[in-house]
Number of protein chains: 2
Amino acid sequence: MRYELYYWPQIQGRGEFVRLALEEAEADYVDVARKPGGEGKMMALMAAPRSETPPFAPPFLKAGKLLIAQTANILLYLGERHALAPKSQAGRLWVHQLQLTIADLVVEVHDTHHPIGAGLYYEDQKREAARRADDFRAHRAPKFFGYFERVLGVSGGPYFTGRRATYADLSLFQVVEGMHYAFPRLSKALAKKHPRVVELHQRVAARPRVAAYLKSERRIPFNTMGIFRAYEELDS
Amino acid sequence: MRYELYYWPQIQGRGEFVRLALEEAEADYVDVARKPGGEGKMMALMAAPRSETPPFAPPFLKAGKLLIAQTANILLYLGERHALAPKSQAGRLWVHQLQLTIADLVVEVHDTHHPIGAGLYYEDQKREAARRADDFRAHRAPKFFGYFERVLGVSGGPYFTGRRATYADLSLFQVVEGMHYAFPRLSKALAKKHPRVVELHQRVAARPRVAAYLKSERRIPFNTMGIFRAYEELDS
């Protein structure tokens, strides 16, 4: 079965968490909206009036007859099918819990540059963004990173559940990558205090399929349209 | 097995989505932090250094040996055990997708009064809150409600998947309740355009176990410490 991934073609965004899982699983997939006419196809699928499981927003994944949306939900599905999650119920719930916590962090990263409205330009909410980013750097980012460090300490690492990588590990890798891009100064400070998170990031980056993906054209570069945005004023 | 629910005892908050599922399931549970000494027990469990699956934040549920956090993840678990979700994989993923979309809306509701930082007082971010609430009323709330209305139109109602209530229906009920409390003016306008959402809300409220719960002392009243807050200036 060839998966069809639907996501905005200009950015990594939330779609990237799905792309990383598909790549690590060596799954057969097409990134539909990056093909000619694909973005129109994505919009049509979202608007299809008789769709029984319409997505609220991208990303979504077509898997045979299934149409699955919500990043963490897509990963729940892929994790089970491609051994990117433990087999036990306890293990599956735990990895999903970690993914949902990562998703919460991703919302907070987004809101550092869009604290007022996703439909407004950054330039129209710069003052509020500066305040929100202050709070993020001082309180929220350290809290999340401290939590992940703690979990890795208990598991013994290098991954969240020990020696096998799960989709939550791929997602934390992506968050660390994004933080390097968007908050280089903050990232340096966080790295010093969270060596296990640093090691997880390096381990995932070195996995052969991930490494090949990151060097490929399939990996869209970070840019100032995505979730992680390099606005120097928000990092100091 | 008696479940132990852990959540802040002063508010409905995110814990309420779990409480509603437990009540509808007629599950045996104790709301630990509302008992004498319970809040300390909750904090101790969160901080337990050797915990292998520590929660990032409440709510969390102790179910035998399992310690499960993240609201949607707890509901995923309870839904399967208590027939509050379809049995098919497609159905389970769909209801979880809806729950995650409701969770996104809940974050946005919270951020109408806390757009800058959850650790700051509302009074310290009132100006930003006014702007964020404007955007929420004008764009975000109508978008979410329009989406839910559309889904109910396709399913035929009265519930998201048709004739059987799932945890996502209980959660949408809670959102509508919260909107009535926090945004009475906006809610009136939304109700006119979204009759199927209104009907779902009424149907859930009339379910015998839910109705009994809502009248009981187990239901904490809405207040201005929770996610849904009645600040008149954010509703006009």
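Residues numbered from 1 in each chain as written. Chains lettered and ligands numbered in written order. Predicted model: local features only at pLDDT ≥ 70, side-chain atom pairs only at ≥ 80, totals over all residues.

(A) Representation of the overall build of chain A within the structure. Looking only at helices and strands, chain A has nine helices and four strands in total. Rg of the C-alpha trace for chain A: 18 Å, near the compact-globule value of 18 Å for 236 residues, within the 12% margin. Seen through its principal axes, chain A has C-alpha atoms that stretch 45 × 45 × 30 Å. Residues classed as buried in chain A amount to 49% of the 236 residues present. (Helix = DSSP H or I, 4+ residues; strand = E, 2+ residues; numbered from the N terminus. Rg over C-alpha atoms; globule rule 2.2 N^0.38 Å. Buried ≥ 20, exposed ≤ 12 C-beta atoms within 10 Å, placed from the backbone.)

(B) Expanded view of the interface of chain A and chain B. Each partner contributes to the interface: chain A provides 33 residues, whereas chain B provides 33 residues. The set of elements that each furnish at least two residues to the side of chain A that touches chain B consists of β4 (66-69), α3 (71-81), α4 (89-113) and α5 (126-155) of chain A. Residues of the side of chain A that touches chain B, tallied by class, amount to 17 nonpolar, nine polar and seven charged. (Contact = placed C-beta atoms within 7 Å. Nonpolar A, V, L, I, M, F, W, Y, C, P; charged D, E, K, R; others polar.)

(C) Structural detail: the pairing of strand β4 (residues 66-69) of chain B. Residue and element names in this part refer to chain B. Pairing of strand β3 (residues 60-63) with β4, which is carried by four bridges, proceeds in the antiparallel orientation. By the bridge assignment for β4, Leu 61 is matched with Ile 68. Counted along the chain from β3 to the antiparallel partner β4, the turn is two residues long, and its residue Gly 64 has a positive phi close to 65°. (Pairing = 2+ DSSP bridges.)

(D) Layout of the relation of the copies chain A and chain B. In screw terms, the move from chain A to chain B is a rotation of 180° and a rise of 0.0 Å along the axis, fitting with an RMSD of 0.0 Å. The superposition operator between the copies reduces to a two-fold rotation axis. For chain A, the smallest separation between a C-alpha atom and the rotation axis is recorded for Pro 115 of chain A, amounting to 2.9 Å. (Least-squares fit on C-alpha atoms with pLDDT ≥ 70 in both.)

(E) Representation of the packing of helix α1 (residues 15-24) of chain B against helix α6 (residues 167-182) of chain B within the structure. All names here are of chain B. For the pair α1 and α6, the least separation of the axes is 9 Å and the interaxial angle reads 125°. Relative to α6, the element α1 is oriented oblique. Between α1 and α6 the crossing geometry is right-handed. Between α1, through Glu 16, Phe 17, Leu 20, Ala 21 and Glu 24, and α6, the contact on the second element is made entirely by Tyr 167, Leu 170, Ser 171 and Gln 174. (Axes fitted to C-alpha atoms, helices over the stretch in contact; angles between N-to-C directions. Parallel < 35°, antiparallel > 145°, perpendicular 65-115°, else oblique. Left-handed = near helix turned anticlockwise from the far one by under 90°.)

(F) The arrangement of the confidence of the model for chain A in detail. Here chain A averages 97 in pLDDT, and 100% of its residues register 70 or above. Here the complex is predicted with pTM 0.98, and the ipTM for its interfaces comes to 0.98. (pLDDT = per-residue confidence, 0-100.)

(G) Region of the structure containing the nonpolar core. If you look at the biggest cluster of nonpolar residues, it comprises 136 residues, and the most contacted ones within it are Ala 21 of chain A together with Ala 21 of chain B. When residues are assigned to domains, this core turns out to be shared by domain 1 (3-81) and domain 2 (89-234) of chain B, each giving three or more. When near neighbours in sequence (up to four residues on either side) are disregarded, Ala 21 of chain A contacts Leu 75, Leu 78, Leu 84, Tyr 167 and Leu 170 of chain A. (Core = buried A, V, L, I, M, F, W, Y, C linked by C-beta atoms within 7 Å. Domains from an automatic or database assignment.)

(H) Representation of the sheet that holds strand β1 (residues 3-6) of chain A within the structure. Residues and elements named next belong to chain A. Ordered by their spatial adjacency, four strands build an open sheet running β2-β1-β3-β4, and the pairing between neighbours is mixed. The open sheet terminates on both sides in strands that have one partner only, identified here as β2 (29-31) and β4. Taking the axes of each pair of neighbouring strands and ignoring which way they run, one obtains an average angle of 20° across the sheet. Strand contacts of α3: β3 (60-63) and β4, with the helix running at about 130° to β4, the strand carrying the most contacts.

(I) Up close: the sheet that holds strand β2 (residues 29-31) of chain B. Residues and elements named next belong to chain B. Taken in spatial order, the four strands line up as β2-β1-β3-β4 in an open sheet, and their pairing is mixed. A single partner strand is all that each edge strand has here, and the edge strands are β2 and β4. Ignoring strand direction, the axes of neighbouring strands in this sheet form an average angle of 20°. Strand direction decides the pairing type here: strand β1 (residues 3-6) and β2, joined by three bridges, are parallel. Bridge pairing links Glu 4 to Val 30 in β2.

(J) Broad picture of the environment of Leu 22 of chain A. Residue and element names in this part refer to chain A. Mapped onto the secondary structure, Leu 22 falls in helix α1 (residues 15-24). According to the C-beta neighbour criterion, Leu 22 is buried, with 22 such atoms within 10 Å. Along the primary structure Leu 22 and Leu 78 are separated by 56 residues, whereas in three dimensions their C-alpha atoms are 7.8 Å apart.

(K) Quick look at the packing of α6 of chain B against helix α8 (residues 195-206) of chain B. All names here are of chain B. One way to put it is that α6 packs onto α8 with a least axis distance of 9 Å and a crossing angle of 105°. Regarding the angle of α6 to α8, the classification is roughly perpendicular. Contact residues: α6 offers Asp 169, Leu 170, Leu 172, Phe 173 and Val 176, while α8 offers Val 197, Leu 200, His 201, Val 204 and Ala 205.

(L) Layout of helix α4 (residues 89-113) of chain B. The end-to-end C-alpha distance of α4 of chain B, which contains 25 residues, comes to 37 Å, matching closely the 36 Å that a straight helix rising 1.5 Å per residue would cover. Taking burial as the measure, the 25 residues of α4 of chain B include 18 buried ones, the bulk of the element. (Expected span 1.5 Å × (residues − 1).)

(M) Broad picture of the pairing of β3 of chain A. Pairing of β1 of chain A with β3 of chain A, which is carried by three bridges, proceeds in the antiparallel orientation. Within the sheet, the bridge partner assigned to Tyr 6 of chain A lies in β3 of chain A and is Phe 60 of chain A.

(N) Geometry of the environment of Leu 45 of chain B. Residue placement: Leu 45 of chain B occurs in helix α2 (residues 38-47). Taking the C-alpha atoms as reference points, Leu 45 of chain B and Pro 55 of chain B, separated by 10 residues in sequence, lie 8.6 Å from one another.

(O) Region of the structure containing the environment of Gln 125 of chain B. Residue and element names in this part refer to chain B. When you line up the elements, Gln 125 lands in the loop between α4 and α5 (126-155). Owing to 22 C-beta atoms within 10 Å, Gln 125 belongs among the buried residues under this scheme. Here the alpha-carbon distance between Gln 125 and Glu 16, two residues 109 residues apart in the chain, equals 26 Å. Not counting residues within four places of it along the chain, the set of residues in contact with Gln 125 comprises His 114, Pro 115, Ile 116 and Leu 120.

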